[in-house]
Structure formats: C-alpha cells, structure tokens
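Residue-level listing of the chains:
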Amino acid sequence: NAGVTQTPKFQVLKTGQSMTLQCAQDMNHEYMSWYRQDPGMGLRLIHYSVGAGITDQGEVPNGYNVSRSTTEDFPLRLLSAAPSQTSVYFCASSYFGSPQETQYFGPGTRLLVL
Amino acid sequence: AQTVTQSQPEMSVQEAETVTLSCTYDTSENNYYLFWYKQPPSRQMILVIRQEAYKQQNATENRFSVNFQKAAKSFSLKISDSQLGDTAMYFCAFSGNQFYFGTGTSLTVIP
C-alpha cells in the first residue's frame, strides 16, 4: 500500500512552459485535492474532486487545470507556467466523497519557475 | 468563508516540557472537523490529531491533546513531554465543505 504518491519530486520550468504534476493513490479514496504551499500562507486549495469525472475549483484555481478519469489518478496541469506558480504542491486524498474525513498527503512536488 | 488563524508564527520549548499551540477559526457551519497536522523538515504532512465538532470530549493521542472550545471557536494543541522529534511546523485545519489551513506555527524543541 503506497498511499498517495506524487511525481516528480522537483521540477524546474521556464516561464511559458507547460507540465503535468502526477498524483496517484491506491486506497480507493473518492476525494482528492491539490494544494499549494507558500511561505507564510499555509496550504491553499487549488482544485478538488469528489469522485471520477467530477472536479471543482478551490481557493486559487487560476492557471491550473485538473481532470479525474479514474479513482486512482488526479493530475494537475500547468498550461503556461509563471514565476508566481513557484511553490510546493501537495496532493491529498480521503475516503469518502467529502473533505471532512482525514486527508492523507503525498510527499509534495517542489516547482521552480524561472 | 471559513478562516483559520494561528497567531503564533514561532514557538520554542525545552525538551520534556509542555507547550500549547493556539488556533482559532471562524465558521457558520455546525457540522465540521478540526485537525492538527505536523510538517517536519521532510515536508511530509502528518496527521497529529482530529476532533469532531459534535463531540464535547477533547481528543487525545498519546502526548498530544486538544482543548476544543466550540462556542469560542478555539482549538489549541497541547504537547506534553516534548521531544526533539516534535520539532516541526504545525498546521491547524478546519474541514466543512472544504479544507482550510492556518498559516502554521514553527515549533522548536530545545535540548
């Protein structure tokens, strides 16, 4: 049972490049979410999904896209990277289709946009 | 909108002593959960303790306990017998329709 996995661990992008941050979980969790962590600001919700085929925006969705074609995977896409997207990104999941349950976090992806 | 406030950006405690981290939140919801997560230098987010709002009894997990005051919307974390491994960033979180995190308290345990 690997829990929540994220790839890559670290990535450097140039402004305007696109990339996809991968997130997978093997716990059959319905709820999955993406957060970004910036110094002094805690974790802020980007997008979330309450099940396959269903996604919604969080607090800071601009510049990011998501899709949920399977229960296991929830990739986060940056269409045109900007320096303001330099951050640490965390994927999380929880059992029910509700965030009230305990969320389990991946190890994070550190992204640097030059 | 829900807000979570941690007013202590940094704290320190001597090894084996007790420390309390503060957290307040604002919500109009009646059914919610509260959490404390620990983030050591490895960056991994680790659940420390969870409290259901409908339960009056304060949650405890070994050396960790909470003081949940629903009317005051306060949710503090007490760490007893502090250990060097407790050195980390601690985040308070509120969960209703979405998860909201505070800005964190950096705790250093001094040998």
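Here is a short report on the structure shown in this document. (Residues numbered from 1 in each chain as written. Chains lettered and ligands numbered in written order. Predicted model: local features only at pLDDT ≥ 70, side-chain atom pairs only at ≥ 80, totals over all residues. Heavy atoms only, no water.)

Right, let's talk about the overall build of chain A for a bit. From N to C terminus, chain A includes zero helices and eleven strands. Of the regular secondary structure in chain A, the N- to C-terminal order runs β-β-β-β-β-β-β-β-β-β-β. Relative to the globule expectation of 13 Å for 114 residues, the C-alpha radius of gyration of chain A, 13 Å, shows essentially globular dimensions. Within the span of chain A, comprising 114 residues, buried residues form 49% of the whole. Partitioning the intrachain contacts of chain A with sequence separation of at least 6 by distance along the chain shows that 55% fall at a separation of at least 24. Accessible area for chain A stands at about 5,100 Å²; split by element, carbon and sulfur atoms hold 51% of it. On chain A, the mean spot of the 7 positive side-chain charges and the mean spot of the 8 negative ones are 15 Å from each other. (Helix = DSSP H or I, 4+ residues; strand = E, 2+ residues; numbered from the N terminus. Rg over C-alpha atoms; globule rule 2.2 N^0.38 Å. Buried < 20%, exposed > 50% of the residue type's maximum accessible area, 1.4 Å probe, protein only. Contact = heavy atoms within 4.5 Å. Areas by Shrake-Rupley, 256 points an atom, 1.4 Å probe, with all protein chains shown as cover. Lys, Arg positive; Asp, Glu negative; His and termini not counted. Charge placed at Lys NZ, Arg CZ, Asp CG, Glu CD.)

Turning next to the layout of surface pockets. One simple way to see leftover space: roll a probe sized like a water molecule over the atoms. There is about 170 Å³ of room inside the largest pocket. Here the lining of the largest pocket is built from residues that sort into five nonpolar, six polar and one charged. (1 Å grid on protein atoms, 1.4 Å probe; cavity = no way out; pocket = protein on both sides within 12 Å on 5 of 7 lines; lining within 4 Å. Points joined across faces, edges and corners; volume = space filled by probe spheres on them. Nonpolar A, V, L, I, M, F, W, Y, C, P; charged D, E, K, R; others polar.)

All names here are of chain B. Membership of the largest hydrophobic core comes to 27 residues, with the highest contact counts inside it found for Tyr25, Trp36, Phe75, Leu77, Tyr90 and Leu107. Of all elements in the fold, only strand E2 (10-14), strand E3 (19-21), strand E5 (33-39), strand E6 (46-52), strand E8 (64-69), strand E9 (74-79), strand E10 (88-95) and strand E12 (105-110) reach the threshold of two or more residues within this core. Apart from the residues lying within four places of it in its own chain, the contact partners of Tyr90 are Gln6, Leu21, Trp36, Tyr37, Lys38, Val48, Phe64, Leu77, Ile79, Gly104, Thr105 and Leu107. (Core = buried A, V, L, I, M, F, W, Y, C linked by side-chain atoms within 4.5 Å.)

Right, let's get into unusual backbone geometry. Residues and elements named next belong to chain A. In this chain, Thr7 is followed by Pro8 through a cis amide linkage whose omega measures -5 degrees. Phi at Asn28 is positive, roughly 60 degrees, even though this residue is not glycine. For Asn28, a relative accessible area of 54% gives the class exposed.

For the rest of this paragraph, the subject is the state of the cysteines. All names here are of chain B. Applying the stated criterion to the full structure yields two disulfides over all chains. Covalent S-S linkage joins Cys23 and Cys92, the inter-sulfur distance amounting to 2.0 Å. Looking along the S-S bond of the Cys23-Cys92 disulfide, the torsion reads about -70 degrees, which is the left-handed sense. Of this pair, Cys23 sits in the loop between E3 and strand E4 (24-26) while Cys92 is found in strand E10, placing the two residues 69 residues apart along the sequence. The two residues Cys23 and Cys92 agree in class, both being buried. (Disulfide = S-S within 2.5 Å.)

Quick look at the sheet that holds strand E1 (residues 4-7) of chain A now. Residues and elements named next belong to chain A. On the basis of which strands lie adjacent, the open sheet formed by four strands has the order E1-E3-E8-E7 and antiparallel pairing. If you trace the sheet from one side to the other, it starts and ends with E1 and strand E7 (64-66), each paired once. Across the sheet, the axes of successive neighbouring strands diverge by a mean angle of 20 degrees, strand direction being ignored. Both strand E3 (residues 19-25) and strand E8 (residues 76-78) contribute to a ladder of three bridges, which runs antiparallel. From the neighbouring strand, Thr20 faces E8, where its bridge partner is Arg77. (Pairing = 2+ DSSP bridges. Axes fitted to C-alpha atoms, helices over the stretch in contact; angles between N-to-C directions.)

To continue, consider the interface of chain A and chain B. Taken together, the contacts link 23 residues of chain A with 20 residues of chain B. For the pair chain A and chain B, the summed buried surface comes to about 1,800 Å²; carbon and sulfur atoms form 50% of the total. Linking chain A with chain B are four residue pairs in polar contact (both at pLDDT 80 or more). Those elements giving two or more residues to the side of chain A that touches chain B turn out to be strand E4 (31-37), strand E5 (43-51) and strand E9 (87-94) of chain A. Classifying every residue of the side of chain A that touches chain B gives ten nonpolar, ten polar and three charged. (Buried area = accessible area lost by both parts, 1.4 Å probe. Polar contact = N/O pair within 3.5 Å; in protein donor to acceptor, adjacent residues only side chain to side chain.)

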